[in-house]
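Chains, contacts and geometry: an overview
These are the residues of each chain, in order.
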Amino acid sequence: MPVLSARGLTKRFGGFTATDGVNLDVAQGTIHALIGPNGAGKSTLFALLTKFHTPTAGQILLDGEDITRLSPPEIVRRGMVRSFQISAVFPHLTLLENVRVALQRRVGLDRQFWRPASALSRLDGQAMELLDQVGLADHAHSLASAMSYGRKRTLEIATTLALDPRVMLLDEPMAGMGREDVVLIESLIRRVARGRTVLMVEHNLGVVETLADRVTVLARGAVLAEGSFAEIRANAEVRRSYMGSDHG
Ligand SMILES: Nc1ncnc2c1ncn2[C@@H]1O[C@H](COP(=O)(O)OP(=O)(O)OP(=O)(O)O)[C@@H](O)[C@H]1O
């Protein structure tokens, strides 16, 4: 059974159809990439899946259960977390404080959860562990604002992990990164994807080739093709849809 599915998912803005009857199945434990030329509707589909937009029609299923009408916090509580949206970096906090805030957010999300304030200090230990996981432990007490762009994005991944997602949605994790940072974040994503399911929108096709088990190509809001990267690359329609865009 797929972890995350879309069935006939549609979003219209006025007379314009940005997402057009999308069917998508993201299999458990895979890294699934969503690609397509500019304006193909990747961001809109992402926003629908994470409940930042309300669909005009169609269904979203998580673990086979209809989540179309649930709120974003309810989705997070069920283990699906979108990074780079929910987890913003606070520049004037240290890295440790940033992760602690994210951990506190998880505490806040769990309605059953109540613990005395002293227990919150335990969060520091957990925050440190998370920083260690992403290779930022040495910078725990530095301000986020002092970090390079790549490290800030890495910190964002740590704050996403703080919510302990089973399903991670990554929105263009490599955007604005130089080659060195791309390589670093690639290996980080591969590491954090173990035991999780990842759906990512990514423009950098080299990254998609390296990371993705499965690729869905969108064009004009609809699914144009789906398969392995090799299958997608060999698909003449996909090539045609990219022609004239800057992803060549
Ligand atoms: N809130 C909105 N109101 C009206 N039109 C919108 C809205 N959001 C997106 N669109 C339109 O929907 C289409 C798809 O946009 P979307 O941002 O989802 O594409 P994308 O594949 O993510 O593009 P890019 O690769 O450039 O980020 C575009 O034509 C866009 O102008």
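So, here is what we can say about the structure in this document. (Residues numbered from 1 in each chain as written. Predicted model: local features only at pLDDT ≥ 70, side-chain atom pairs only at ≥ 80, totals over all residues.)

**Regarding unusual backbone geometry**
Glycine aside, negative phi is the norm for most residues, and most peptide bonds take the trans geometry. Threshold: Helix and strand assignments follow DSSP, with helices taken as H or I runs no shorter than four residues and strands as E runs no shorter than two, numbered in order from the N terminus. Partly exposed residues are those whose C-beta has more than 12 but fewer than 20 other C-beta atoms within 10 Å; 20 or more makes a residue buried and 12 or fewer makes it exposed, with C-beta atoms placed from the backbone.
The phi dihedral of Lys-51 falls on the positive side, at around 70 degrees, and the residue is not glycine. Looking at the element boundaries, Lys-51 is found in the loop between α1 (42-49) and β4 (57-62). Given 21 C-beta atoms within 10 Å, Lys-51 falls into the buried group. A positive phi angle, near 50 degrees, is found at Asp-164, a position not held by glycine. Mapped onto the elements, Asp-164 comes out in the loop between α6 (149-161) and β7 (167-171).

**Section: the sheet that holds strand β2 (residues 16-26)**
Operational definition: We call two strands paired when DSSP finds no fewer than two bridges between them.
The strand order across the open sheet formed by four strands is β2-β1-β4-β5, and the pairing between neighbours is antiparallel. In this open sheet, the two edge strands, each paired with only one partner strand, are β2 and β5 (65-66). Bridging between β4 and β5 involves two bridges; their strand directions are antiparallel. Residue pairing in the sheet places Leu-61 in a bridge with Asp-66 of β5.

**Some points on the nonpolar core**
Cut-off, in case you're wondering: By definition, a nonpolar core groups buried Ala, Val, Leu, Ile, Met, Phe, Trp, Tyr and Cys residues that are joined through C-beta atoms within 7 Å.
Core analysis: the largest hydrophobic core is formed by 64 residues, its most contacted members being Val-99, Leu-131, Ala-158 and Leu-169. Here this core takes five residues from helix α3 (residues 95-109), the largest share from any one element.

All quantities given are derived from atomic positions and should not be read as evidence of function.
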